[in-house]
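Spelled out, the chains give:
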Amino acid sequence: MKILSENNIDRTAWAEFVKAHPKGNVFQTPEMYEVYAHTEHTIPLVVAVEEHNEIVGILLAQIITNGDSLASWLTARSIIIGGPLIKDEREDILYYLINAYKRLLPKKVIYSEIRPIYDIADIATSLKSIRWKRKGHYNLLMSLNKTPEELFEQMHKERRRNVNQAIKTGLVFREVIERSDVRAIVELIRKTYERKHVPISYLDMFEEVHEQMKQYAHFFASYTSDGIMIAGEVRLCYKDLIYAWFAGSDEDYFKLRPNDFTMWNVICWGAAHGYKLLDFGGGGEPGVPYGVRDYKLKYGCEMYDYGRYVYAHRPISLWAGTIAYKLYHRIKGK
């Protein structure tokens, strides 16, 4: 087996491996690498394993830092969404890939975290044997293999009422492709995160998402009857799955119920275009109250504990770094 890094991985072979893998997803593609490469405070790291001139393993991570060198040293972490992808889930490939990944990581990284898109129970024992610690974490998924009537009826009555109310007020839904509309959606996302006191320093990436991921990234918006954009969503569509990535809305128009209206129309769009699953994103830890999870469940999705897997590269620093990270976000969020 041979290790490949970013400079010698054939992009076409990489893309084909991810596409063919049963758990292949948009977060492990060459296009996502380019998005990370053009995002502030984010450094991409990709490692591949080649055997007999064929890629048999891939791992794409985003190394995230916050602000200046001090903040970076206290908060640097490597997030692996939807990876690693291993041919036939072979243990030898996994070990080879993880060891190479750890060697290439910058020393400032405190920890790595694997965030599965699909269930990775078949490699969980192998990860545990090399000191990756599992913690429970929900993924929230909705099957789109239903009629529009069934999809509507499975929603909580409050969601259905809000959608009907939005329709009566004349809201208009559509997919947008113009750069100016994409920027308007990004501005709604910025305002939403600001309103919730959640810092977000990587809004610059959406320009690259729009450019690099045209075949996967879809931007949706809802407008008032007189043409004012009041809600927007960014969804990543890859193979048979839609991933609910980012969303934002204008609080001045909440009485028109734009969030439920937009989500409902994305659900209908996904079903009409042949997608099988809609991933609502994370649902928090089992046994821990989480309002976002409760809200998402009212659309009719189901919970699956795919977990998250954490490896501490600097164990002594992890505790201090976790506190510093939370404090940093709290200060920046004010």
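Predicted model only: the values in this text are computed from it and were never measured.

Chemist: In this structure, what is going on with the layout of surface pockets? I would like to understand it.
Modeler: In this approach, a probe sized like a water molecule rolls over the atoms, and the result shows the empty space that is left. There is about 170 Å³ of room inside the second largest pocket. Every residue along the wall of the second largest pocket is listed here: Ala13, Glu16, Phe17, Ala20, His21, Pro22, Glu54, Ile55, Lys87 and Asp88. Of all the secondary structure elements, the ones that give two or more residues to the lining of the second largest pocket are α1 (11-20) and β3 (54-64). With 4 residues, α1 is the largest single contributor of residues to the lining of the second largest pocket. Here the residues of the lining of the second largest pocket are counted per class, giving 5 nonpolar, 1 polar and 4 charged.

Chemist: For this particular structure, what's the right way to read the environment of tyrosine 111?
Modeler: Counting through the fold element by element, tyrosine 111 comes out in strand β6 (residues 111-115). Separated by 33 residues in the primary sequence, tyrosine 111 and serine 78 have C-alpha atoms spaced 6.4 Å apart.

Chemist: How should I be thinking about the packing of aromatic side chains in this particular structure?
Modeler: Using the criterion set out here, one finds 16 aromatic pairs in the structure. On the numbers, 6.0 Å between centres and 75 degrees between planes, the contact of tryptophan 14 with tyrosine 33 is edge-to-face. Highlighted residues: tryptophan 14 in helix α1 and tyrosine 33 in helix α2 (residues 30-37), separated in sequence by 19 residues. On the basis of relative accessible area, tryptophan 14 is assigned to the buried category, the value being 0%. Look at tyrosine 33 and you get buried, because its relative accessible area is 7%. Aromatic pair phenylalanine 27 and tryptophan 245: ring centres 6.2 Å apart, planes at 75 degrees, arrangement edge-to-face.

Chemist: Hey, could you run me through the packing of helix α7 (residues 157-168) against helix α10 (residues 258-272) in this one?
Modeler: How two helices sit against one another is set out by the angle between their axes and by the gap between those axes. Following both chains from N to C, one finds α7 and α10 inclined at 95 degrees, their axes separated by 8 Å at the closest point. What the angle tells us is that α7 and α10 run roughly perpendicular. In contact with Arg159, Asn162, Val163, Ala166 and Ile167 of α7, α10 contributes Asp260, Phe261 and Trp264. Considered class by class, the residues forming the contact of α7 with α10 number 5 nonpolar, 1 polar and 2 charged.

Chemist: Please clarify how empty space enclosed by the protein should be interpreted in this entry.
Modeler: Applying the stated criterion across every chain yields a total of 2 cavities of 30 Å³ or more. In this structure, the largest cavity encloses a volume near 90 Å³. Among the secondary structure elements, those contributing two or more residues to the lining of the largest cavity are β5 (85-86) and α5 (121-129). Taken together, the residues of the lining of the largest cavity break down into 8 nonpolar, 4 polar and 3 charged. Taken as a whole, the second largest cavity encloses approximately 50 Å³ of empty space. Lining of the second largest cavity is provided by Gly24, Asn25, Val26, Phe27, Ile117, Tyr118, Tyr238, Leu241 and Tyr243. Partitioning the lining of the second largest cavity into residue classes produces 7 nonpolar, 2 polar and no charged.

Chemist: Looking at this structure, I do not really get the environment of isoleucine 200. What am I missing?
Modeler: Within the element layout of this structure, isoleucine 200 appears in the loop between α8 (179-195) and α9 (205-212). Under the relative-accessibility criterion, isoleucine 200 is labelled buried at 16%. Between the C-alpha atoms of isoleucine 200 and arginine 190, which are 10 residues apart in sequence, the distance is 7.5 Å. Every residue in contact with isoleucine 200, bar those within four places of it in the chain, is listed here: Ile189, Tyr193 and Phe246.

Chemist: Honestly, α10 in this entry has me stumped. Any pointers?
Modeler: Think of an α-helix as turning once every 3.6 residues; residues three or four places apart then point the same way. Over its 15 residues, α10 runs 21 Å from end to end, which matches the ideal 21 Å to within 8%, given 1.5 Å per residue. Summarising burial for α10: 11 of the 15 residues are buried, a large majority. Listed as buried for α10 are Pro258, Asp260, Phe261, Thr262, Met263, Trp264, Asn265, Val266, Ile267, Trp269 and Gly270.

What counts as what
Residues numbered from 1 in each chain as written. Predicted model: local features only at pLDDT ≥ 70, side-chain atom pairs only at ≥ 80, totals over all residues. Heavy atoms only, no water. 1 Å grid on protein atoms, 1.4 Å probe; cavity = no way out; pocket = protein on both sides within 12 Å on 5 of 7 lines; lining within 4 Å. Points joined across faces, edges and corners; volume = space filled by probe spheres on them. Helix = DSSP H or I, 4+ residues; strand = E, 2+ residues; numbered from the N terminus. Nonpolar A, V, L, I, M, F, W, Y, C, P; charged D, E, K, R; others polar. Phe/Tyr/Trp six-rings, centres within 6.5 Å; stacked < 30°, edge-to-face > 60°. Buried < 20%, exposed > 50% of the residue type's maximum accessible area, 1.4 Å probe, protein only. Axes fitted to C-alpha atoms, helices over the stretch in contact; angles between N-to-C directions. Parallel < 35°, antiparallel > 145°, perpendicular 65-115°, else oblique. Contact = heavy atoms within 4.5 Å. Expected span 1.5 Å × (residues − 1).

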